[in-house]
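Spelled out, the chains give:
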Amino acid sequence: MADEAGQFEARYIYSVARTDLKENLGDIGIGKETVYTIPHRGIAALVHSCWPLAYNTKDKALAEEWIIEHSYVIDQATKRFGAVLPFSFDVIIKGDDAVIEQWLIRNYKHLLGALESVEGSAEYTIQIYYDHDDLSARVLESDAELNALKGQIEKESKGKAYFLQKKLDQKLKSRVSSQAENLAAKYLLKIKSLVKELKAEGNKWMPEDYKRLKLLASYSCLVSDDRVAELGEILEEIDRMQGFKVRFTGPWAPFSFASIQELA
Amino acid sequence: MQPERDGSLVDILDRLLNRGAVLNADLIISVAGIPLIGLNLRAALASMETMLEYGVMEDWDKSTREWYARQQTNLPLSKDEEILFKTFGYIWREEGIISRWVPGVWNITSRRLFLWLRSPGEVLFEAPLENLRIERVNASRAARVEWELISSGGSAKISISDSDEFEEALARATGVQTAVPV
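None of the values given here were measured: they were computed from a predicted structure.

## Notes on the overall build of chain B
Each helix and strand in chain B was counted, giving five helices and nine strands. Element order for chain B, N to C, with α for helix and β for strand: α-β-β-α-α-α-β-β-β-β-β-β-β-α. The 182 residues of chain B split such that 26% are buried.

Quick look at the structure:
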């Protein structure tokens, strides 16, 4: 544990990587802090030395700068060491390098296992969107029952037509969503066969260009480097279908798969 | 279909604040037993969702891209300076009795035109965009186009192979038409 001299010391931790070397990665950390490795038997923590205080600000621009800087260190670490275990923002360990090394020793097996499980792979995000109006129009055209209902509406009196229209709208809505969901389910199987791990996302954020579309499915996947091209082909197939669009981002450090929560 | 990192800050924020490894231990900084991981930042970024709704994030994304661009090339750009066009080219240097074409990368930014030498990492010539003029001159070699460049930062003889793109980019950046000899 931190001794007298170490009680005002802390280390901001960016990631854990596979390396034997104690080295300086330069002044690339948050606020231009020097980032360096603290190794132990082939694994190392990437840290900068700081006060035992959390990074805190009300200034959005500064918060943004910190986030980007943290992300940049992780990208650089990935380039240098291969897949790393990325840490969340603001994980600060009280103590000096020796405390970090003790922590590495205590959790050695677990960290090594986690690093091995992400080795040779990276995280990717897949979002599948569809154009609701376009799909509705095509379902309406191709479905005999709905077509008949539509024809009937044109012949009926105003009052009856109103209720039939309601019925049509409801049926159409459920057909469209079941068609979209069937497609998502079919492709989910294909995607699953190509990735090491997959998590369905609750995050409903979509970029500006996609706002007029409906988000059908959103996944984070851990993908081996040699399967990315194949995955891209499957997604291309969806993207080429009329009314569908895919957003495929990455490679990211395995943020969604750095499951080492139970570390001591 | 190729995966892309389109520079969206939202993707990065989501990962750094909501994912990634954390430690649930006495080791880390906490207040009343609650780890401070990301909590402070979340407060600063609390209205992010609202900002997203109204497209304010566009600016953020732009600045993320600029920041990454600055880091990855080590180009000496100022904070709000953005690279608009870059191309390989030359500048004519007369150093004592030696005159020669020195190669580098010409960058047109939102502020200036400059020639960057990757190694040793130096700006060999720069000129602010205001009052910047270039004029085509007779080239010493048929394959290249040469210009006389006149600016408040000095004049120079420069050469670039994708000449039309360069002229167009510079005209866009300065808002001035290039004078082409008849």
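This is not the end of the story, as more comes after the structure.
## Comments concerning the sheet that holds strand E9 (residues 214-224) of chain A
All names here are of chain A. If you trace the four strands from one edge of the open sheet to the other, you get E8-E9-E7-E10, paired in antiparallel fashion. The open sheet has two edge strands, strand E8 (197-200) and strand E10 (244-252), and neither has a second partner. On average, each strand axis in the sheet is tilted by 20° relative to the strand beside it, whichever way the strands run. Two elements, E8 and E9, share four bridges in a ladder whose sense is antiparallel. Directly across from lysine 199, in E9, lies its bridge partner serine 220.

## Considering the pairing of strand E1 (residues 10-18) of chain A
Residues and elements named next belong to chain A. With respect to burial, E1 is a largely interior element, eight of its nine residues being buried. Here E1 pairs with strand E6 (residues 92-94) via three bridges, running antiparallel. Bridge assignment links tyrosine 12 to a residue of E6, and that residue is isoleucine 92. The pairing of E1 with strand E4 (residues 43-50) spans eight bridges and is classified as antiparallel. Each residue of the ladder has a partner; that of tyrosine 12, found in E4, is histidine 48. Examined bridge by bridge, E1 and strand E5 (residues 85-86) share two bridges and lie antiparallel to one another. Within the sheet, the bridge partner assigned to serine 15 lies in E5 and is proline 86.

## Some points on the confidence of the model for chain A
Mean pLDDT over chain A works out to 88, with 94% of the residues at or above the 70 mark. This stretch, residues 1-6 of chain A, has a pLDDT under 50; its non-local contacts, to residues over four places away or in other chains, come to eleven contacts.

## Side note on the sheet that holds strand E6 (residues 122-128) of chain B
All names here are of chain B. If you walk across this open sheet you meet the seven strands as E6-E5-E4-E3-E9-E8-E7, and the pairing is antiparallel. The two strands at the open ends of the sheet, each matched to only one other strand, are E6 and strand E7 (133-137). Shown here is a sheet whose adjacent strand axes are inclined to one another by a mean of 35°, direction ignored. In the sheet, strand E5 (residues 112-117) pairs with E6 via six bridges, with the strands oriented antiparallel.

## So, the nonpolar core
Of all hydrophobic cores here, the largest spans 76 residues; its most connected members are A:Tyr14, A:Val16, A:Leu46 and A:Val47. Among the elements that take part in this core, helix H1 (residues 60-81) of chain A stands out by supplying eight residues, more than any other. Every residue in contact with A:Val16, bar those within four places of it in the chain, is listed here: A:Ile43, A:Ala44, A:Ala45, A:Val84, A:Leu85, A:Leu111 and A:Leu115. Residues B:Ile91, B:Trp106, B:Leu115 and B:Ala127 belong to the second largest nonpolar core, which totals 15 residues.

## A few points about the packing of H1(A) against helix H1 (residues 9-18) of chain B
The contact between H1(A) and H1(B) brings their axes to 10 Å, and the two run at 80°. Considered as vectors, H1(A) and H1(B) are oriented roughly perpendicular to each other. In this structure, H1(A) uses A:Glu64, A:Ile67, A:Ile68, A:His70 and A:Ser71 to contact H1(B), whose residues at the interface are B:Leu9, B:Ile12, B:Leu13 and B:Leu16.

## Digging into unusual backbone geometry
In terms of backbone geometry, most residues other than glycine have negative phi values and most peptide bonds are trans. A:Gly250 connects to A:Pro251 through a cis peptide bond whose omega is -5°. One non-glycine residue, B:Asn131, lies in the positive phi region at around 60°. By the secondary structure assignment, B:Asn131 is in the loop between E6 and E7.

## Observations concerning helix H5 (residues 163-174) of chain B
Look at H5(B): 16 Å from first C-alpha to last across twelve residues, which is about the 16 Å you get at 1.5 Å a residue. Where H5(B) terminates, the next one or two residues include B:Gly175, which has phi positive at roughly 75°.

Definitions and limits used
- Residues numbered from 1 in each chain as written.
- Chains lettered and ligands numbered in written order.
- Predicted model: local features only at pLDDT ≥ 70, side-chain atom pairs only at ≥ 80, totals over all residues.
- Helix = DSSP H or I, 4+ residues; strand = E, 2+ residues; numbered from the N terminus.
- Buried ≥ 20, exposed ≤ 12 C-beta atoms within 10 Å, placed from the backbone.
- Pairing = 2+ DSSP bridges.
- Axes fitted to C-alpha atoms, helices over the stretch in contact; angles between N-to-C directions.
- pLDDT = per-residue confidence, 0-100.
- Contact = placed C-beta atoms within 7 Å.
- Core = buried A, V, L, I, M, F, W, Y, C linked by C-beta atoms within 7 Å.
- Parallel < 35°, antiparallel > 145°, perpendicular 65-115°, else oblique.
- Expected span 1.5 Å × (residues − 1).

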